[in-house]
Amino acid sequence: MARDKNNSRNRDILQNRNIPQKKDIPQKKGIPQKDILEKILLAYGDVFADCQNALAYEGQQRLRAEDLIPAPTESFYPGKEGLRSQFSDVSSYLMNEGKIKIQYLIGNETGLEGRQVLRKASYQGGAYRTQLDSGKPVYPIIGMVIDWTHKGSRIPLSLHELLRRDGVPQEDLDRVDDVRLEVYHMHSLPPEVRRRFTSDLGFVVDFLNEGSFENRREQPIIHAEALCEMMAALTGDTRFTDQMAELLKKQRERKEIIMCEYIDMLEARGEERGIKIGEEQGAVKGENRLARLIQLLMSEKKYKDVEAVSSSREKRHEFYRKYGI
């Protein structure tokens with residue numbers, strides 16, 4: 001009964017959860033578009049919980065969307081011109097019986113910096129500072145960093161490591177409280193880690209690491225717009241957003257969208273582009289199956305087959321199988 005009461009209280013709070021939209025987020029100078037779109041997807045409670053469960057908790061289902069509410073991402077620090085503000089990317093409170101149990105911070109990075117650990121210390125320090133005069137029990141602040149770049153990183157993963165690199169002797173380090181940096185590189189997650197994801201974020205990590213959604217063909221898409229925008233930003237492929245209007249129409253009609261439908265839509269869009277490439281340029285390198293097929297056929301001077309595959313989907317798939325495309 002107590003658990004039901006707790007869930008009811010948290011659901012009442014969650015009804016007022018405001019998910020940021022791209023148009024509502026200020027376009028601040030120096031903030032990459034990718035950072036903005038990653039923030040939107042992770043702002044959904046189910047995605048935020050899934051990210052923490054899959055990465056920080058190694059697949060244990062420790063967090064549930066209904067137990068999370070948005071937390072402030074802004075904190076303040078003294079600067080040369082007075083008090084200045086700083087923003088972490090996404091933050092949520094874990095609630096228990098109407099009280100804050102833990103605050104989670106997620107930083108999205110498209111370029112890790114050598115002093116990244118200081119950024120974490122600053123964000124978490126600001127979150128602890130807000131509790132100084134609250135008169136309420138102190139709750140912990142837990143942070144992680146998600147790296148969306150293609151490159152690995154050799155940045156210092158602790159404050160001690162950074163200070164040691166900059167020449168601080170061990171005898172002094174022994175008196176310095178350490179801060180550890182938890183970084184997850186989304187382009188190099190092993191299969192056993194990717195399988196832990198159950199939300200729309202699973203589509204993203206699979207595509208970044210495998211180049212396809214095949215392993216999630218039967219999984220429903222929950223946040224279609226945020227997913228499409230994020231995939232387009234991360235890959236530079238506008239096919240992902242080309243199909244967005246149709247997906248949103250289905251969602252408005254309360255129809256479930258399964259990933260296999262989206263894959264078919266993407267493939268069809270790719271084939272349309274392939275036909276155009278084949279007609280205009282002949283044998284050129286394309287990013288989709290049809291452009292590759294036309295290139296092979298024209299190199300073998302099979303012009304009638306080029307005409308056939310350009311007008312018949314059935315014929316195209318016959319030749320895909322024949323050429324192993």
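Rules used throughout
- Residues numbered from 1 in each chain as written.
- Predicted model: local features only at pLDDT ≥ 70, side-chain atom pairs only at ≥ 80, totals over all residues.
- Heavy atoms only, no water.
- Helix = DSSP H or I, 4+ residues; strand = E, 2+ residues; numbered from the N terminus.
- Buried < 20%, exposed > 50% of the residue type's maximum accessible area, 1.4 Å probe, protein only.
- Contact = heavy atoms within 4.5 Å.
- Phe/Tyr/Trp six-rings, centres within 6.5 Å; stacked < 30°, edge-to-face > 60°.
- Pairing = 2+ DSSP bridges.
- Axes fitted to C-alpha atoms, helices over the stretch in contact; angles between N-to-C directions.
- Parallel < 35°, antiparallel > 145°, perpendicular 65-115°, else oblique.
- Left-handed = near helix turned anticlockwise from the far one by under 90°.
- Nonpolar A, V, L, I, M, F, W, Y, C, P; charged D, E, K, R; others polar.
- Core = buried A, V, L, I, M, F, W, Y, C linked by side-chain atoms within 4.5 Å.

## Focus on the overall build of the protein
Next up, step 1: From N to C terminus, the protein includes 15 helices and nine strands.
Next up, step 2: Taken over 325 residues, the protein has a buried fraction of 43%.
Next up, step 3: A separation threshold of at least 6 residues defines the contact pool for the protein, and within that pool the share at least 24 residues apart is 56%.

## Quick word on unusual backbone geometry
In terms of backbone geometry, most residues other than glycine have negative phi values and most peptide bonds are trans.
Next up, step 1: The phi angle at Glu58 is positive, at roughly 50°, despite the residue not being glycine.
Next up, step 2: By secondary structure assignment, the location of Glu58 is in the loop between helix H3 (45–56) and strand E1 (68–70).
Next up, step 3: Of note in the backbone geometry, Glu97 takes a positive phi value of approximately 55° without being a glycine.
Next up, step 4: Residue placement: Glu97 occurs in the loop between strand E4 (90–96) and strand E5 (99–109).

## Describing the packing of aromatic side chains
Next up, step 1: In total, this model carries six aromatic pairs according to the counting rule given.
Next up, step 2: Consider the rings of Tyr93 and Tyr139, whose centres lie 5.9 Å apart with planes at 80°: the pair is edge-to-face. Placement of Tyr93 in strand E4 and of Tyr139 in the loop between helix H4 (116–129) and strand E6 (141–147) is noted, with a sequence separation of 46 residues between them.
Next up, step 3: Overall, Tyr93 belongs to the buried group, its relative accessible area being 12%.

## As for the sheet that holds E6
Next up, step 1: The strand order E1-E4-E5-E6-E7 describes an open sheet built from five strands, whose pairing is mixed. With one partner strand each, in any of the chains shown, E1 and strand E7 (183–185) form the two edges of the open sheet. Each strand of the sheet is rotated relative to its neighbour by a mean of 25°, with strand direction disregarded.
Next up, step 2: Pairing between E1 and E4: three bridges, direction antiparallel. Bridge pairing links Ile69 to Tyr93 in E4.
Next up, step 3: In this fold H3 packs onto E1, E4, E5, E6 and E7, with an angle of close to 80° to the strand it touches most, E5.
Next up, step 4: Together, E5 and E6 form the strand contacts of H4, whose direction differs from that of E6 by roughly 145°.

## Brief notes about the environment of Ile155
Next up, step 1: Within the secondary structure, Ile155 sits in the loop between E6 and helix H5 (159–165).
Next up, step 2: By relative accessible area, Ile155 is classed as buried at 14%.
Next up, step 3: For the pair Ile155 and Gly114, spaced 41 residues apart in sequence, the C-alpha separation works out to 5.1 Å.
Next up, step 4: If near-sequence neighbours (up to four positions away) are discounted, Ile155 is found in contact with Leu112, Glu113, Gly114, Gln116, Glu161 and Leu181.

## Here's the deal with the packing of helix H8 (residues 201–210) against helix H9 (residues 224–235)
Next up, step 1: Running from N to C, H8 and H9 cross one another at 20°; their axes reach a closest spacing of 10 Å. Compared by their axis directions, H8 and H9 come out roughly parallel. The handedness of the crossing between H8 and H9 comes out as right-handed. Residues Leu201, Phe203, Val204, Phe207 and Leu208 of H8 form the contact with H9, whose own contacting residues are Leu227, Met230, Met231, Leu234 and Thr235.
Next up, step 2: In the contact of H8 with H9, the residues fall into nine nonpolar, one polar and no charged.

## Focus: the nonpolar core
Inside soluble globular proteins, nonpolar side chains tend to come together where they are buried.
Next up, step 1: Of all hydrophobic cores here, the largest spans 52 residues; its most connected members are Leu55, Trp148, Met186, Leu201, Val204 and Phe213.
Next up, step 2: Grouped together as the second largest cluster of nonpolar side chains are nine residues, Leu105, Ala127, Tyr139 and Ile141 included.

No statement about biological role is implied by the geometric values presented.
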